[in-house]
Amino acid sequence: MANICIRRLLPCNKHTSWNTLYPIGKRMMSSEEEEVILTKDGNKGVIVLNRPKQLNALNLTMTRKLYPQLRKWDMDSEMKMVIIKGTGDKAFCAGGDIKGYGVGSPAGLDFFREEYRLNNQIGSMAIPYVALINGIVMGGGVGLSIHGAYRVVTEKAVFAMPETAIGFFPDVGGSHFLPRLPGKLGLFLALTGNRLQGRDLFKAGIATHFVCSERLDELEKDLLRMQKPDLKGIDALLTRYQEQWEADFKKEFSLKQYIGRINAAFGAAESVEQIFENLKKDQSDWAKQQLEVLSKMSPTSLKVTFKAFHDGAKMSLPECLKMEYRIASQMMYQHDFFEGVRAQLIDKDRNPKWKPDRLEEVTEDHVNLYFSSAPPPNFKELQL
């Protein structure tokens, strides 16, 4: 999810995991205890997210290492490509690790600011940026991958933007990339937090290529062997790996049978309330399941996400990130975000008490507060 790591699993055996094999070259941070390992291999930069016990969740320290290094590599005329991956087979990056921040926390606000600057840097890279996604990719992990030129996923990849369940909203550029997915798939994913796995990420337009996890280490080595990598050459290499799994690749998109219902329920709606009404009229088992899911989400988050989605469809990535920083900063002073974190991550009772707790009580003025030009104390607009 965008800013919260929602699961904690034991790390894989590092001796058998493909992505703990760091490339030969000049390691810019030599200790394997580093949370993010930056390596230069000839004319290529390699980033390893190295917090397997936390599913490689992104924190403020990591963003402050990644952002300046990416800028440096991007401005270096000798650099031709950047590869990013996560340690272990469980996760690429499960989100942003902000569980310890309190109401109006300066560190929390710093995290969002630095994270969004990093997202924008990835989206503006002049050299190819290749994300190798094996395992969970949620929220902050999506922000570290979706804005780059290439997103390569395996059958182990699990994608979701489930922020509405914790009283937040799909950020890290979610207001930019989600509205640009086919039909109303993006709005459906944003509001429900529905998960997609493996090949579905490619079929949904989230990934650019699919590769079997058994070949991922070999693919990385081939990428590093490229003497002068460019967009055309990288795409050709990735496509060759994908073509070898064409039979599997042709499997049907898991949501294909529901696309018509998704577009009908979410497409014509001018409000979240209307989405609920459309789903009630549908009366299918699928529609009933979505109503049950949506009824558990923060009503405020649903309405803020709905507006951010529609506004973001007409904005550039930098404009979306500036809007998102305004929203995130306001949420750091409101009830639902911290109540959602408490219920899902701290007490784990899975029973958040939203305020307001009904859609009709979330007024237009309340929603507009999150997009206001008069944000909370000590707020400064995001500078990109």
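Everything quoted here is computed from the prediction, not taken from an experiment. (Residues numbered from 1 in each chain as written. Predicted model: local features only at pLDDT ≥ 70, side-chain atom pairs only at ≥ 80, totals over all residues. Heavy atoms only, no water.)

1. As for the overall build of the chain
In plain terms, the rule: In this description a helix means any DSSP run of H or I spanning at least four residues, a strand means any run of E spanning at least two, and both kinds are numbered starting from the N terminus. Only protein chains enter the area calculation, which uses a 1.4 Å probe; residues under 20% of their type maximum are buried, those over 50% are exposed, and those in between are partly exposed. Note on contacts: a residue pair is in contact if any heavy atoms of the two residues lie within 4.5 Å. To be clear on the numbers: accessible area is Shrake-Rupley with a 1.4 Å probe, and residue cover counts the displayed protein chains and nothing else.
Scanning the chain from N- to C-terminus turns up 16 helices and 11 strands. Across the 384 residues in the chain, those meeting the buried criterion constitute 58%. Taking all contacts inside the chain whose residues are at least 6 apart in sequence as the whole, residues at least 24 apart take part in 75%. With the model as given, the accessible surface of the chain reaches about 16,100 Å², and the carbon-plus-sulfur share is 48%.

2. Some thoughts on the sheet that holds strand β9 (residues 158-160)
This is how the line gets drawn: Strand pairing is defined by DSSP finding a minimum of two bridges between the two strands.
If you walk across this open sheet you meet the four strands as β5-β7-β9-β10, and the pairing is mixed. Each edge of the open sheet carries a strand with a single partner, namely β5 (91-93) and β10 (196-197).

3. Describing the packing of aromatic side chains
Stated precisely, the cut-off is as follows: Aromatic pairing here means that ring centres of Phe, Tyr or Trp (its six-membered ring) are within 6.5 Å. Orientation follows from the plane angle: under 30 degrees is stacked, over 60 is edge-to-face, and everything else is tilted.
Applying the stated criterion across every chain, the model contains 11 aromatic pairs. Centroid distance Y258 to W286: 5.6 Å. Interplanar angle 15 degrees. Geometry classified as stacked. Within this pair, whereas Y258 is found in the loop between α9 (246-249) and α10 (259-267), its partner W286 is found in helix α12 (residues 285-295), the two being separated by 28 residues in sequence. Y258 gets classed as partly exposed once you look at its relative accessible area, which sits at 24%. Judged by its relative accessible area of 7%, W286 falls in the buried class. Ring geometry for F337 versus F338: centroids 5.2 Å apart, planes at 50 degrees, classification tilted.

4. A few points about the pairing of strand β3 (residues 44-49)
Counting buried residues in β3 gives six out of six residues, a clear majority hidden from the surface. Neither face of β3 is exposed, since K44, V46 and V48 on one face and G45, I47 and L49 on the opposite face are all buried. As judged from the six bridges shared by strand β2 (residues 36-41) and β3, these two strands associate in the antiparallel manner. Following the sheet pairing, D41 is matched in β3 by K44.

5. Let's talk about the side chain of N119
Along the polypeptide, N119 turns up in helix α2 (residues 106-123). Given the relative accessible area of 1%, N119 is considered buried. Apart from residues no more than four positions distant in its own chain, N119 is found in contact with G143, L144, H147, V172, L317 and L321.

6. With respect to the pairing of strand β4 (residues 81-86)
For a regular strand, the rule is simple: side chains alternate between the two faces of the sheet. Under the convention used in this document: Every crossover in which the path from the first strand over the helix to the second runs clockwise, viewed with the strands pointing away from the viewer, is termed right-handed.
Across the six residues of β4, six count as buried, placing the element largely inside the fold. Going residue by residue along β4, you find M81, I83 and K85 tucked away on one face and V82, I84 and G86 tucked away on the opposite face as well. In terms of handedness, the path from β3 via helix α1 (residues 60-75) over to β4 forms a crossover that is right-handed. The sheet contact formed by β4 and strand β6 (residues 129-133) spans three bridges and is parallel.

7. Observations regarding unusual backbone geometry
Cis geometry marks the peptide bond from K355 to P356, where omega comes out at -5 degrees. Mapping P356 onto the fold places it in the loop between α15 (335-346) and α16 (364-369). The phi torsion at V172 lies on the positive side, around 45 degrees, for a residue other than glycine. Tracing the sequence through the fold places V172 in the loop between β9 and α4 (174-177). For V172, a relative accessible area of 0% gives the class buried.

8. Quick notes on helix α5 (residues 185-192)
Of all eight residues that make up α5, eight are buried, and the element is covered over most of its length. Three or more residues of α5 are buried, namely L185, G186, L187, F188, L189, A190, L191 and T192.

9. So, the nonpolar core
Considering soluble globular proteins, one finds that nonpolar side chains tend to be buried as a cluster. The criterion, for reference: As used here, the term nonpolar core means buried Ala, Val, Leu, Ile, Met, Phe, Trp, Tyr and Cys residues forming a set that is joined through side-chain atoms within 4.5 Å.
I47, L49, F112, Y116, L144 and F159 are the most contacted members of the largest nonpolar core, which has 95 residues in total. Considering every element that reaches this core, the biggest residue donor is helix α14 (residues 317-331), with seven residues. Counting 19 residues, the second largest nonpolar core, distinct from the first, contains I37, V130, L132 and V152.

10. Things to note about the side chain of T164
Locating T164 in the fold gives a position in the loop between β9 and α4. Residue contacts for T164: discarding those within four places in its chain leaves A190, L191, M297, S298, S301, L302, T305 and W354.

11. Focus: the confidence of the model for the chain
The following threshold applies: Confidence of the predictor in every single residue is expressed as pLDDT, which spans 0 to 100.
Model confidence for the chain is summarised by a mean pLDDT of 89, while 90% of its residues fall at 70 or above. Within the model, pLDDT remains below 50 along residues 1-32, and this stretch shows 125 contacts once partners closer than five positions in the same chain are excluded.

12. Focus: the packing of α10 against helix α11 (residues 272-282)
To be explicit about the condition: For helices, the axis comes from a line fit to the C-alpha atoms of the stretch in contact; other axes are also lines fit to C-alpha atoms, and the angle between any two N-to-C directions lies between 0 and 180 degrees. To sort the angles, those under 35 degrees are grouped as roughly parallel, those over 145 as roughly antiparallel, those from 65 to 115 as roughly perpendicular, and the leftovers as oblique. In this classification, the charged set is Asp, Glu, Lys and Arg, the nonpolar set is Ala, Val, Leu, Ile, Met, Phe, Trp, Tyr, Cys and Pro, and all remaining amino acids, among them Gly, are polar.
Two elements in contact, α10 and α11, have axes separated by 8 Å at closest approach and are oriented at 140 degrees. On the basis of their axis angle, the class for α10 and α11 is oblique. Note on element contacts: α11 touches α10 through I275, N278, L279 and D282, opposite R261, A264, A265 and F266. For the contact of α10 with α11, the per-class residue count stands at five nonpolar, one polar and two charged.

13. Quick notes on the environment of L291
Relative to the elements of secondary structure, L291 occurs in helix α12. Note on L291: relative accessible area 16%, which makes it buried. When the C-alpha atoms of L291 and F276 are compared, they prove to be 6.7 Å apart, with 15 residues separating the residues in sequence. Excluding residues that lie within four positions of it along the chain, L291 makes contacts with F276, L279 and K280.

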